[in-house]
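Coordinates in review
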Amino acid sequence: MNPLKLIIPFAALYIIGGATVAAEIVNISTPRTSLVLDAEKGGALKILHYGDRLTDADIATLKDAGAINRDAYPVYGIFPQSEAALSVTHADGNMTTDVEVVDVTSAPGADGSTVTTVAMRDKVYPFNVNVNYRTYPGEDVIETWVDLSNNEKGTVKLNRFMSGYLPVRYGDVWLSQLYGSWANEGKVDEAPLTHGVKMIKNKDGVRNSHTSHAEVMLSLDGKAQENAGRVIGAALCYPGNYKVMIDTDDSDYHHFFAGINEENSTYNLKKGESFKTPELALTYSDEGLSGVSRNFHRWGRNYRLHAGNKERKILLNSWEGVYFAINEDVMAGMMEDIASMGGELFVMDDGWFGDKYPRDVDNSSLGDWVVDTRKLPNGIDGLLATAKKNGVKFGIWIEPEMTNSVSELYEKHPEYIIKAPNREATMGRGGTQLVLDMANPKVQDIVFTIVDTLMTKYPEIDYIKWDANAPIMDHGSQYLTADNQSHLYIDYHRGLEKTLDRIRAAHPDVTIQACASGGGRANWGILPWFDEFWVSDNNDALQRVYMQWGTSYFFPAIAMASHISASPNHQTFRRIPVKFRADVAMSGRLGLEMQPKDMNEEDKAVCRQAIADYKKIRPVVQFGDIYRLVSPYDGKGIASLMYVTPEKDEAVFYWWKIETFMNQQLPRVTMAGLDPDKMYKVTELNRIDNEPLPYEGKTFSGRYLMSNGLEMPLTYKVDYHKNTDFASRVLRLQEVK
Ligand code: GLA
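Worth saying up front: this structure is predicted, and the values here are computed from it rather than measured.

Comments concerning the site of the ligand
- Surrounding the ligand, one finds 13 residues, the nearest of these being Asp-349, Asp-350, Arg-429, Lys-465 and Asp-537.
- Between the ligand and Asp-350, the relevant distance is 2.6 Å, taken from an oxygen atom to a side-chain nitrogen or oxygen of the residue.
- Within the side chain of Arg-429, one N or O atom sits 2.9 Å away from an oxygen atom of the ligand.
- Taken by itself the ligand offers 310 Å² of open surface, and the protein chains cover 96% of this.
- Its residues assigned to classes, the shell around the ligand comprises four nonpolar, three polar and six charged.

Quick word on unusual backbone geometry
- With omega at 0 degrees, the peptide bond leading from Ser-567 into Pro-568 counts as cis.
- Within the secondary structure, Pro-568 is located in the loop between β30 (560–565) and α11 (578–585).
- Even without being a glycine, Ala-183 presents a positive backbone phi close to 70 degrees.
- The residue Ala-307 is not glycine, and still its phi comes out positive at about 50 degrees.
- Within the element layout of this structure, Ala-307 appears in the loop between α3 (288–304) and β22 (315–317).

With respect to the sheet that holds β22
- Spatially, β22-β23-β24-β27-β28-β29-β30-β31 is the arrangement adopted by the eight strands of the closed barrel, whose pairing is parallel. The sheet shows a mean angle of 30 degrees between the axes of neighbouring strands, direction not considered.
- Its contacts with the sheet put helix α5 (residues 328–340) on β22, β23 (345–348), β24 (393–398) and β31 (589–593), and the angle it makes with β23 is roughly 155 degrees.
- Strand contacts of helix α12 (residues 601–623): β30 and β31, with the helix running at about 150 degrees to β31, the strand carrying the most contacts.

With respect to the packing of helix α10 (residues 541–551) against α11
- Interaxial distance between α10 and α11 falls to 9 Å at its minimum, and their mutual angle equals 20 degrees. Relative to α11, the element α10 is oriented roughly parallel. The chirality of how α10 crosses α11 is left-handed. Residues Ala-541, Leu-542, Arg-544, Val-545 and Gln-548 of α10 touch α11, and the partners they reach there are Phe-580, Arg-581 and Val-584.
- Residue classes in the contact of α10 with α11 are distributed as five nonpolar, one polar and two charged.

Analysis parameters
Residues numbered from 1 in each chain as written. Predicted model: local features only at pLDDT ≥ 70, side-chain atom pairs only at ≥ 80, totals over all residues. Heavy atoms only, no water. Near = heavy atom within 4 Å. Polar contact = N/O pair within 3.5 Å; in protein donor to acceptor, adjacent residues only side chain to side chain. Areas by Shrake-Rupley, 256 points an atom, 1.4 Å probe, with all protein chains shown as cover. Nonpolar A, V, L, I, M, F, W, Y, C, P; charged D, E, K, R; others polar. Helix = DSSP H or I, 4+ residues; strand = E, 2+ residues; numbered from the N terminus. Pairing = 2+ DSSP bridges. Axes fitted to C-alpha atoms, helices over the stretch in contact; angles between N-to-C directions. Contact = heavy atoms within 4.5 Å. Parallel < 35°, antiparallel > 145°, perpendicular 65-115°, else oblique. Left-handed = near helix turned anticlockwise from the far one by under 90°.

Laid out in structure tokens, this is it:
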């Protein structure tokens, strides 16, 4: 069915194809949701409904039921006491804006999507505000963004320019957000909305998801539940500074706004110029938080994540194994080891480059992307040959947006860095790291050339880990004019996006990971160019259960790089048996991050088994629907989730015991997302017990599994020395006909 349909209760007005009509009621429907607008020409654009899909009959009587009927994109000036999505200073200094609908159009997008545009114009000034809504066939996500254009006599100052606004009916509404910090990303924070303004924001400049995230969920029926209740999800697709704001005032609504963080970013829009805000992706589900996650994941894989429908390889990354101690023999050893364990890709991390200034620690060489031939005498060609010999692919680490004051690049071009006029530049990592000014087209060329040269010289490179280890540390662009210094944060990301567009046009197939001191780039705004992101520099499996739990609210497993690392862990120093580490890593995009030479044969065997087992379930994990079952945040001693194929013929169930006390009473976990009438055979993966679980190979109905679940033993039946305080299980469920 056409996702876009116009319903006109009182007048015969239609959108047909891309034709323009004087519309009244605009119904933007997805399979299970509706956004209904009143867009009468000459009037204000009003939102009447966002939530479950409405019938034509309900839409016809919506206003009588007490529809929302608030401005769909509130602008500042008339009744200025309310928060607004848009605030501008017109060319003549007038600070008020007052817009009316002039047109509603609908046009097909290149990717099968449909874009509905409500064109609005200020009643007095030639200043246009076009609000757009994009839907995709089969997806329950609506993207909204705004195009602003200035035809006034002079420059219009954009003071606030949010991507979208949504009024949410006042009530027992709970906000779920992610919060954290480096090595502790993606922590779930849930609380009811109270009066006043709740603001979530970022000002890092370069990365934007270490602390707060630009994605939230609003549970409309009280405290959030995983698999029940009405929930709205919102994800701002923007990799730069953002602001998410919910104003609960004395009206009957919580006012939700999301967009670029306008602080210190006033944008001067010259006559004839236009400005496009980033997209805000909205979704709704009556199947709880997990329902919203599934909507985001499906839409993301199909339309947003780069190569979202291509399986990801199982890799070994060199970082925690050897850090900067890279050389040809060590790399060759690691390639051989990952190949022997069944892995498919080896990634050489930081430390391989620098000629005049070799990169032996973190205080030099960024920008000098030439092989350090002391470490790698046969260069990348040599490494590629070794990879080929071992039957694995090869990947490489770069940090292209950065330089160090100790580098040949900086020596030649000090004017390329971000720095405030008349002041010394602030240095980051290693006491020397500097951020290149992506607003500068010459810097954009340099960054493009780094990737283009690598990929042109070595087309066999299969994977790039693209890091970004510094924030903007001084507000100052040596490229932007004095009166446009406030464009820095926005133009940085415009420059980055342009560069990434060029890179992807030239090199569409290379897998690229967005890393940013760990999880600094988990955002849908960056993922159109990236295949995955690094969740965190913290690989501690126990803490990963929490971090990956939160991250999965908005991002699919295929995009979440999740590695088995050494024990004791390098960040927390916790000792966790390899079985648990593998069972956690297997719930995302599986990889390894340690020196295999340091592993004993027993641990290696577990990893080998995990890799083999992961290959069997990879399509279910990477393309399946998530059902989170028991949250680690609920203090029940366990965490559990599962992935189910859309056809419901196969599933993977994960169970992690996250604390250990004697005679502990743990809840039995009921499953979700299965077909009640299908029969499923249960097979344990990553098994280490000497004897199988009682239900190994047995068959159960989806109905039984969803109302009773299976009993999980608290420990393993293994030889005494193998028992530990950790326990976890991964079960594969396959339909038996
Ligand atoms: C960052 C990344 C790490 C690693 C180092 C290399 O911290 O998050 O994974 O690549 O840089 O310097």
